[in-house]
Amino acid sequence: MTAHRTLSFGTASATAGEIAYGWYILADLPTGHVERLPVVIARGHQPGPTLWLTANIHGDELTGMAVIHDLVTPALLPELRGTIVALPSLNPAGLHTHRREPYLDPRDPNRLFPGDEYPGDDPVEAARALGVPGVSELAYAALFAELRASADLYIDLHCYGLQAASFIICDRILYRDEAERPAVLQLAEQLASLCEASGLPVVHELEASRYVARRLHRSTTGAALNVARIPAVTVELGLIGGIDPAALAAGLAGVRNMMRWAQMLPGGREPVDTVPQPAPGFPTMRDSTPRAPASGVIRYHVAPGQLFRQGELLATLTDLHGRALPMGELRAEVDGWVLGLARGAICYQGQAVLYVAVRDDGPAVERFPGA
């Protein structure tokens, strides 16, 4: 809970009733330049929680930046309780080149935050895959230490695909020792309440074994939940590569709703009505299915946000002449709804054709695999 003392981060410093702009040095570059992140600190007149709000960890995901630009302004200060520490871009190097990864490091930056390694990893193979901690991993570890020291709540803004829905991801929370379980269950209840308060469709993250194998526990919000133990969510806002107006409106409403949940803003929940609100009738988790049985030209028969039932035709595959391929009708394996279209015009054998939300009957809290 933030009191009225001055709060500083990087070169930005603000006290009650102020908004400040500055920079945080992420890394030194061999050219003598630095990689720096933009920082905005907004502090209300009344004390309250500290929210960290970030975007653009993937350099081609842009709508989240616009959410921060439109939300964290002097006009917010009269109603704001507590503090927002906002970083509109966590990956300026990727933003500069219109790429997911920064040119500083070819690895996915959203897998480089602190967290345990997968227990089945051979140490040599893990080092070969991830590399010795490099500039990005060390830099994000230092940034995460700053977040852990001050944040009561964390929201990271992303985008999902070429054509995609807007929704909120509720991560699994992992523990190792049975003594941790009561506190972790309480955190899971807070997290579920926060997600529901957003007004966005809620999609759970993968079950623990796949979650850790894909190093999602070392994402921004995965680390905040599983290392810092604070409520943290990923908000997915539509298309990659541009600013989606409907997703921008949904993101603004969703973040304001979560701030109301945290008692940082007054009033009741506002509607999130600019994006689809599918209601499958059961809890869901994200997945990638079906996969292409052959390489070909793809034609979609569903759209992001659309519900589907098992057996429904989702897409068809043809050759380059337009002739149907054997097994070219791709049908839903289970009930669910469409998060995003995974491909443009073509796909290769074995690739995921759709990003989907499917039934999730698993627990919100699980043991760390191998613990």
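Everything that follows concerns the structure shown earlier in this document.
A quick note: this is a predicted structure, and the numbers were derived from the prediction, not measured.

J.: Is there a simple way to think about unusual backbone geometry in this case?
T.: A negative phi angle is the norm for most residues apart from glycine, just as the trans form is the norm for most peptide bonds. With an omega of -5 degrees, the peptide bond between Thr-289 and Pro-290 qualifies as cis. Note on placement: Pro-290 falls in the loop between β13 (284-288) and β14 (296-300). The backbone phi angle of His-98 is positive, close to 60 degrees, even though this residue is not glycine. Residue position: His-98 is located in the loop between α2 (92-97) and α3 (123-130). Taking the relative accessible area as the measure of exposure, His-98 reaches 66% and is therefore exposed.

J.: Help me understand empty space enclosed by the protein in this model?
T.: Summary: where empty space remains is shown by rolling a probe the size of a single water molecule over the atoms. Considering all chains together, one arrives at two cavities of 30 Å³ or more under this definition. Taken as a whole, the largest cavity holds about 50 Å³ of empty space. Trp-52, Thr-54, Leu-87, Leu-90, Phe-113, Leu-143, Phe-144, Leu-147, Tyr-154 and Thr-220 together form the lining of the largest cavity. Considering every element that reaches the lining of the largest cavity, the biggest residue donor is helix α4 (residues 135-150), with three residues.

J.: I'm lost on the environment of Asp-287 in this one. Help?
T.: Among the secondary structure elements, Asp-287 is positioned in strand β13. On the basis of relative accessibility, which here comes to 19%, the residue Asp-287 falls in the buried class. Dropping the residues within four chain positions of it, Asp-287 is found in contact with Arg-210, Leu-354, Tyr-355, Val-356 and Val-358. At 3.2 Å, the side chain of Asp-287 and the side chain of Arg-210 are in polar contact.

J.: Explain the sheet that holds β14 here, please?
T.: Note on sheets: strands pair through backbone hydrogen bonds, and any given pair is parallel or antiparallel. If you walk across this open sheet you meet the four strands as β17-β16-β14-β19, and the pairing is antiparallel. The open sheet is flanked by β17 (324-331) and β19 (346-347), the only strands paired with a single partner. In the sheet, β14 pairs with strand β16 (residues 313-318) via four bridges, with the strands oriented antiparallel. Note on β16: the bridge partner recorded for Arg-299 is Thr-316.

J.: Can you help me understand the side chain of Thr-289 in this one?
T.: Checked against the element boundaries, Thr-289 lands in the loop between β13 and β14. A polar contact is formed between the side chain of Thr-289 and the side chain of Glu-333, at a distance of 2.8 Å. Excluding residues within four positions of it along the chain, Thr-289 makes contact with Glu-333, Leu-354 and Val-356.

J.: How do you make sense of the pairing of strand β6 (residues 81-87) when you look at a structure like this?
T.: Side-chain positions along a regular strand alternate between the two faces of the sheet. With six of its seven residues buried, β6 lies for the most part within the structure. Direction of pairing for strand β4 (residues 34-43) relative to β6: antiparallel, over a ladder of four bridges. Note that in β6 the partner of Val-40 across the bridge is Ala-86. Here strand β5 (residues 46-55) runs beside β6; their pairing, made up of six bridges, is parallel. Its bridge partner lying in β6, Thr-54 is registered against Leu-87. Chirality of the crossover, the property in question, places the unit of β5, helix α1 (residues 63-71) and β6 among those that are right-handed.

J.: Can you walk me through α4 in this structure?
T.: Given 3.6 residues per helical turn, the α-helix brings residues three or four places apart onto the same face. Compared with the 22 Å implied by 1.5 Å per residue over 16 residues, the 24 Å span of α4 between its first and last C-alpha is a close match. Those residues of α4 lying buried are Ser-136, Glu-137, Ala-139, Tyr-140, Leu-143, Phe-144 and Leu-147. Seen along its axis, α4 keeps its buried residues to an arc of 160 degrees; they face one direction. With respect to the buried face of α4, the exposed residues turned more than 90 degrees away are Leu-138 and Ala-149.

J.: Is there a simple way to explain the packing of aromatic side chains in this structure?
T.: Centre-to-centre distance and the angle between the planes together describe a pair of aromatic rings. As enumerated under the stated definition, the model contains six aromatic pairs in all. Each ring, one from Phe-9 and one from Tyr-24, has its centre 4.8 Å from the other, and the planes form 15 degrees; the classification is stacked. Of the two residues, Phe-9 is situated in strand β1 (residues 7-9) and Tyr-24 in strand β3 (residues 19-28); the sequence distance between them amounts to 15 residues. For Phe-9, a relative accessible area of 4% puts it in the buried group. With a centroid separation of 5.0 Å and 25 degrees between ring planes, the pair formed by Phe-113 and Tyr-140 is classed as stacked. Separated by 27 residues along the polypeptide, Phe-113 in the loop between α2 and α3 and Tyr-140 in helix α4 bring together distant segments of the chain. Relative accessible area serves as the criterion here: at 4%, Phe-113 is assigned to the buried category. Pairwise contacts between aromatic rings join Tyr-160, Phe-167, Trp-337 and Tyr-355 into one cluster.

J.: Looking at this structure, how should I read the layout of surface pockets?
T.: By volume, the largest pocket amounts to about 520 Å³. For the largest pocket, the lining is made up of 23 residues, of which Arg-100, Arg-111, Tyr-160, Leu-216 and Arg-286 are closest to its centre. Looking at the lining of the largest pocket, the elements that each hand over two or more residues are β12 (232-237) and β13. The greatest single-element share of the lining of the largest pocket, amounting to three residues, is contributed by β13. For the lining of the largest pocket, the residue count by class is seven nonpolar, seven polar and nine charged.

So, how was this worked out
Residue numbering note: each chain is counted from 1, following its sequence as written. Since the coordinates come from a predicted model, pLDDT governs what is reported: local features require at least 70, and pairs of side-chain atoms require 80 or more to be given and counted, while whole-chain, interface and lining totals use all residues. With hydrogens and water excluded, all non-hydrogen atoms of the structure serve as input to the side-chain values. Helix and strand definitions here come from DSSP, where helices need a minimum of 4 consecutive H or I residues and strands a minimum of 2 consecutive E residues; each element is numbered from the N-terminal end. For every residue, the accessible area obtained with a 1.4 Å probe (protein chains only) is divided by the maximum for its type, and the residue is called buried under 20%, exposed over 50%, and partly exposed between those limits. The distinction between a cavity and a pocket rests on a 1 Å grid over the protein atoms alone: a 1.4 Å probe fits inside a cavity but cannot get out, while a pocket stays open yet meets protein on both sides within 12 Å along at least five of seven lines, and a residue with an atom within 4 Å of a point counts as lining. Grid points are joined across faces, edges and corners, and a volume is the space filled by probe spheres set on the points. Working rule for contacts: check all heavy atoms of both residues, and any pair within 4.5 Å makes them a contact. Polar contacts, as counted here, are pairs of nitrogen or oxygen atoms within 3.5 Å of one another; within protein the pair requires one atom able to donate a hydrogen and one able to accept it, and residues that are adjacent in sequence qualify only if both atoms are side-chain atoms. Note: two strands are recorded as paired if DSSP finds a minimum of 2 bridges between them. By convention, orient the strands away from the viewer: a clockwise path from the first strand over the helix to the second makes the crossover right-handed. In this scheme, a helix's expected span is set at 1.5 Å multiplied by one less than its residue total. Taking the helix axis as origin, the arc is that swept by the directions to the C-beta atoms. When the centres of two rings from Phe, Tyr and Trp lie within 6.5 Å, Trp using its six-membered ring, the rings pair. Their planes under 30 degrees apart give stacked, over 60 give edge-to-face, and anything left gives tilted. Nonpolar residues are Ala, Val, Leu, Ile, Met, Phe, Trp, Tyr, Cys and Pro. Charged residues are Asp, Glu, Lys and Arg, and all others, Gly as well, are polar.

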